[in-house]
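Descriptive analysis of the structure
Below are the chains, spelled out letter by letter.
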Amino acid sequence: MQLKGAQVIWECLVREGVDVVFGYPGGAILPAYDAMLDYPIHHVLVRHEQGATHMADGYARASGKVGVAVATSGPGATNMVTGIATAMMDSIPIVCITGQVGSKVIGTDAFQETDVTGITLPITKHNFLVTHAEDIAEAIREAFFIAKSGRQGPVLVDITKDAQQSTAEFEWDDTPVRLPGYRPQYRPLPEVVQHAMDLIKKAQRPLILAGHAVVTSNARREVLEFAEKTDTPVAMTLLGLGGIPASHPLNLGMMGMHGESWVNNAIQQADLLLAFGMRFDDRVTGNLKTYAVNAKKIHIEIDPSEIHKNVKVDVGIVGDLRETLLELLPYVPETKHTEWRAHIDSMKGEVAVRDIQFLPDSGHLYAAHVINDLWRLTKGQAVIVTDVGQHQMWEAQYYRHEQPRTLITSGGLGTMGFALPAAIGAKFARPDADIWAIVGDGGFQMTAAELSTAAQENIKVNVAVINNGYLGMVRQWQEFFYERRYAATPLRNPDFVKLAEAHGLAGIRVTQRADIPSAYEAALAEKGTVVIDFRVEQEDSVFPMVPAGADLEAMIRRPTSLAETAADP
Amino acid sequence: MIHTLVVYVEDKPGVLNRVASLFRRRAFNIESLTVGHTEQPGVSRMTIVIDGTQTNVERVEQNLYKLVNVLRVDDVSSVPAVVRDLALVKVKANARTRPEILQLAHIFRARIVDASKTTLILEVTGDENKIEATLDLLRPFGIVEMVRTGVVAMVRGPGRIDSAEVASWSSAARKPAAEQEGDSGINHSV
């Protein structure tokens, strides 16, 4: 049938299973917006295009589907850059559709023209500039295919205004997409699987490093089966959390800079590391020269360029994690590593006494207590979306995730301002779920305008502001490494309760631990979005900590008593 | 060690930008890069020369494969291959030096493609070493201007790749005939 390019966009999105998009209109995308009204797609009007990309991202992370963000040319498109880069670093499938000036004026510095395919080239998995209506369908189909296959990632489709306005024959092609230069390898090669088996059989102190792929390739069952059959403990990356239940006896918890010391010490003492879909980021390895020098290493990874990138491994297996484990599982021997596991448990016991969650608050409101109490009150069942900083690390330490896709956080890029919009996106993916955005007072203010979006959409997300009056993580680094010279970290904040009220939303203030349960109940009772302003201890720090680039064993330990964590001596 | 990569790419606007951008952001060093058509419409061929002591060639290959428009990458450094660079060299020449330059040209099988009262242009073809050697000997006469095409390479014998494989990649082959000519309208980046 003959359709306008603008209509073709929505015809394609509907066929890709899209029912919600996050966007902001403008001149070059107006034809598409006009056509949108005739299609069964809900449009969420954001307050800034960065919010649209984070919402699409949060939607994708919560649902496993592709999230879609729409913006106009020029500033609309450039405002998306941070959100696209966030999705790229964490391999999140989103498709961004941007309007572009007419094809005849491209390259003339026309009003609101910007070279968005050029700008986003290094931060997208792929991008397209479409200048003819008849090419829109193919570009969108390929965009979705690329975004959600292989190592997932963001794809941008830039469509000129004249391509949206002109007419083309539309026929949906439902044959598999064929891209000769794009052939992700899902199944591992048999010979490398054999080589891996030899190492697995010999290992005395094996350890699984479970990354984001446990979630993205739906490998929960297979990872658990592998761990249980081989009696191998599992250390998690930040993005892996929830991939297997926190309560599972083999789950050690998070590794890396703010991981528990027993996890990092286990890595350093292991004789075999099984890296399951993780990428040996500097935040988990510390000093590469001293990283797990005693261990053989097997790396299962969908992206061949990640193998040997940071850590030289003994066996690199290119493949989808789930597919690869399915190949391995029939051959892995049932083993027991009683001694090794007892050894790790002994390290655990020593550390647990330092843990803040077991210590009294002594009248202070500690962020770790807030998050731990939220975990108890939500029975660990909420979807938590964090921002970036101290609260993010406390969340990773004190909210124990049992289910995949219940922790949504910007890991690779560390994007402040991510939480609120991503939480809104997650709510659209999981309307029945209890969604909590846990944000710092700094990051919250970067995208706080999206409270209007939540209010206009009449959706409920719970925003827990961990308000310490500082850019806390930076302040912590200044305390540890810059002689407490607090350059540009103290914040003078607005009244967040009033800010919520100004949006017609409820605001609650909490200043002591005893009030957390009642604040939680009050938040639940509210129909709409709620902001809770937790006025926490100002100069609290995240422990333990491996200083950037230090050896994993060289952790700054958690102080033994709360007195040591309190602000001024 | 110097590595020569033969890279087949889809002939889309912006593909050179994608490859160049990759080298830049991953901090890979390029010694030389050439690009041109192949026997198959829709498929272009790049020859990229990399210094393996500065840049990890395996990482370059893997990252090139991450580009959707990159079809195939072959490192031809360890197989017998014809490797050619072409240089045009304009040297100062007068009645006294001209015969000497012509003699050098003869030794290096360079062609004289232009002559004036004060200059000669030599066209030298060969691998890096031969061109460097020629330049070294011409330098004392005074090089006025010099330009090099960059290296192109081809594996000797039947090689590892056949025309059927190249043809299967062609986006022209995947599209209806009407779209084969001219601008397809999809620029994989500008």
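Residues numbered from 1 in each chain as written. Chains lettered and ligands numbered in written order. Predicted model: local features only at pLDDT ≥ 70, side-chain atom pairs only at ≥ 80, totals over all residues. Heavy atoms only, no water.

On to the overall build of chain B. Check the secondary structure of chain B and you find 6 helices and 10 strands. Put simply, 76% of the contacts in chain B that link residues at least 6 apart link residues at least 24 apart. About 9800 Å² of surface is accessible on chain B, with carbon and sulfur atoms providing 53% of the total. (Helix = DSSP H or I, 4+ residues; strand = E, 2+ residues; numbered from the N terminus. Contact = heavy atoms within 4.5 Å. Areas by Shrake-Rupley, 256 points an atom, 1.4 Å probe, with all protein chains shown as cover.)

Below, the discussion takes up the interface of chain B and chain A. The interface is formed by 29 residues belonging to chain B together with 30 residues belonging to chain A. One can count 1 salt bridge joining chain B with chain A. Between D303(A) and K66(B) there is a salt bridge, with the nearest N and O atoms lying 2.7 Å from each other. Seen at the junction of chain B and chain A, the total is 5 residue pairs in polar contact (both at pLDDT 80 or more). Mapped onto the side of chain B that touches chain A, the elements with two or more residues apiece are α1 (15-25), α2 (57-66), β4 (70-75), α5 (163-169) and β10 (186-187) of chain B. (Salt bridge = Lys/Arg side-chain N within 4 Å of Asp/Glu carboxyl O. Polar contact = N/O pair within 3.5 Å; in protein donor to acceptor, adjacent residues only side chain to side chain.)

Here we take up the domain arrangement of chain A. Many descriptions give the size of an interface as the accessible area lost when the pieces come together. All names here are of chain A. When cut into domains, chain A gives domain 1 (2-169), domain 2 (190-349) and domain 3 (355-542). Counting residues at the interface gives 18 residues for domain 2, matched by 18 residues for domain 3. Both sides of the domain 2 and domain 3 interface together cover about 1500 Å² of buried area, and 60% of this is carbon and sulfur. It is L238, A246 and H258 in domain 2 that bury the most area against domain 3; as a group they hold 37% of the surface buried on that side. Linking domain 2 with domain 3 are 0 salt bridges, by the criterion used here. (Domains from an automatic or database assignment. Buried area = accessible area lost by both parts, 1.4 Å probe.)

All names here are of chain A. Across the sheet, which stays open at both edges, the 6 strands sit in the order β16-β15-β17-β18-β20-β19 with parallel pairing between neighbours. Of all the strands in the sheet, the pair left with one neighbour each is β16 (407-408) and β19 (506-510). The pairing of strand β15 (residues 383-386) with β16 spans 2 bridges and is parallel. Following the sheet pairing, V385 is matched in β16 by I408. (Pairing = 2+ DSSP bridges.)

A few words now on the pattern of salt bridges. Inspection of every chain in the model, using the stated rule, returns 32 salt bridges over all chains. The partner of D533(A) in a salt bridge is R535(A), and the shortest N-O contact between them spans 3.0 Å. A salt bridge links E128(B) to R148(B); its shortest N-O distance comes to 3.4 Å. With E128(B) in helix α4 (residues 128-138) and R148(B) in strand β8 (residues 143-148), this residue pair connects regions lying 20 residues apart in the sequence. Accessibility expressed as a relative area gives 27% for R148(B), which makes it partly exposed. Here the residues in one salt-bridge network are R151(A), D303(A), E306(A), K309(A) and K66(B), joined through shared partners. (Buried < 20%, exposed > 50% of the residue type's maximum accessible area, 1.4 Å probe, protein only.)

Attention shifts here to a nonpolar patch on the surface. All names here are of chain B. A contiguous nonpolar patch, built from L88, V113 and V147 and spanning about 210 Å² of accessible area, is present on the exposed surface. Along the polypeptide, V147 turns up in strand β8. By relative accessible area, which is 45% here, V147 ends up partly exposed. (Patch = residues over 30% accessible without salt bridge, like charges linked within 9 Å, V, L, I, M, F, W, Y side chains within 5 Å.)

Residues and elements named next belong to chain A. Within the secondary structure layout, E450 lies in helix α20 (residues 450-457). A residue is classified by how much of its surface remains accessible, and E450, at 2% relative accessible area, is buried. C-alpha separation for the pair E450 and M55, spaced 395 residues apart in sequence, amounts to 10.0 Å. Apart from the residues within four sequence positions on either side, E450 is in contact with V46, R47, H48, G51, M55, L420, P421 and I424.

By secondary structure assignment, the location of Q40(B) is in the loop between β2 (32-37) and β3 (43-51). Residues contacting Q40(B), with those up to four places away along its chain left out, are V166(B), A167(B) and S170(B).

With that settled, consider the sheet that holds β3(B). Residue and element names in this part refer to chain B. The strand order across the open sheet built from 4 strands is β2-β3-β1-β4, with neighbouring strands paired in antiparallel fashion. Either end of the sheet is taken by a strand with one partner, and the two such strands are β2 and β4. The mean inter-strand angle of the sheet, taken between neighbouring strand axes irrespective of direction, is 15°. Pairing geometry for strand β1 (residues 2-10) and β3, over 9 bridges, is antiparallel. When the sheet's bridge partners are listed, I2 is paired in β3 with D51. Sheet contacts for α2: β1, β3 and β4; angle to β4, the most-contacted strand, approximately 165°. (Axes fitted to C-alpha atoms, helices over the stretch in contact; angles between N-to-C directions.)

As a further point, take helix α11 (residues 220-230) of chain A. An α-helical turn contains 3.6 residues, so any two residues separated by three or four positions project in the same direction. All names here are of chain A. Looking only at α11, the buried set comprises E222, V223, L224, F226, A227 and T230. Packed against the buried residues of α11 are α9 (190-202), β9 (206-210), α10 (213-216), β10 (234-236), β12 (272-276) and α14 (321-328). Immediately beyond the C-terminal end of α11, within one or two residues, lies D231, with a positive phi of roughly 55°.

Moving on, we come to the environment of Q538(A). Residues and elements named next belong to chain A. Topologically, Q538 is positioned in the loop between β20 (530-535) and α24 (562-565). In this structure Q538 comes out as partly exposed when scored by relative accessible area, which is 43%. As a C-alpha pair, Q538 and N467 span 71 residues in sequence and 8.0 Å in three-dimensional space. In this structure Q538 touches N468, G469, Y470 and R475, once residues within four positions along its chain are discounted. A distance of 3.0 Å separates the side chain of Q538 from the backbone oxygen of N468, its partner in a polar contact.

As a further point, take the nonpolar core. Residues and elements named next belong to chain A. Counting residues in hydrophobic clusters, the biggest one holds 67 residues, and the most contacted among them are F226, F276, I298, L321, W436, I532 and F534. Looking at which domains feed residues into this core, each of domain 2 (190-349) and domain 3 (355-542) gives three or more. If we ignore the near neighbours within four places in the chain, the residues touching I298 are A196, L199, I200, L272, L273, L274, A275, V315 and I317. Judged by nonpolar contacts, the second largest core, of 49 residues, contains M80, V116, A437 and I459. (Core = buried A, V, L, I, M, F, W, Y, C linked by side-chain atoms within 4.5 Å.)

Here we come to the pairing of strand β7 (residues 119-126) of chain B. All names here are of chain B. Summarising burial for β7: 7 of the 8 residues are buried, a large majority. Looking at chain direction, strand β6 (residues 111-115) and β7 are connected through 4 bridges and run antiparallel. What sits directly across from D114, in β7, is I121. Between β6 and the antiparallel strand that follows it, β7, lie 3 residues.

All names here are of chain A. Throughout the structure, instances matching the rule amount to 13 aromatic pairs over all chains. Aromatic pair F22 and F428: ring centres 5.7 Å apart, planes at 75°, arrangement edge-to-face. Residue F22 is found in strand β2 (residues 20-23), and its partner F428 is found in helix α18 (residues 419-429); the two are separated by 406 residues along the sequence. Aromatic rings pair up to connect W477, F480, F481 and F543 into one cluster. Across from the ring centre of Y470, 5.8 Å away, lies the NZ or CZ of R475, which sits over that ring. (Phe/Tyr/Trp six-rings, centres within 6.5 Å; stacked < 30°, edge-to-face > 60°. Lys NZ or Arg CZ within 6 Å of the ring centre and 35° of its normal.)

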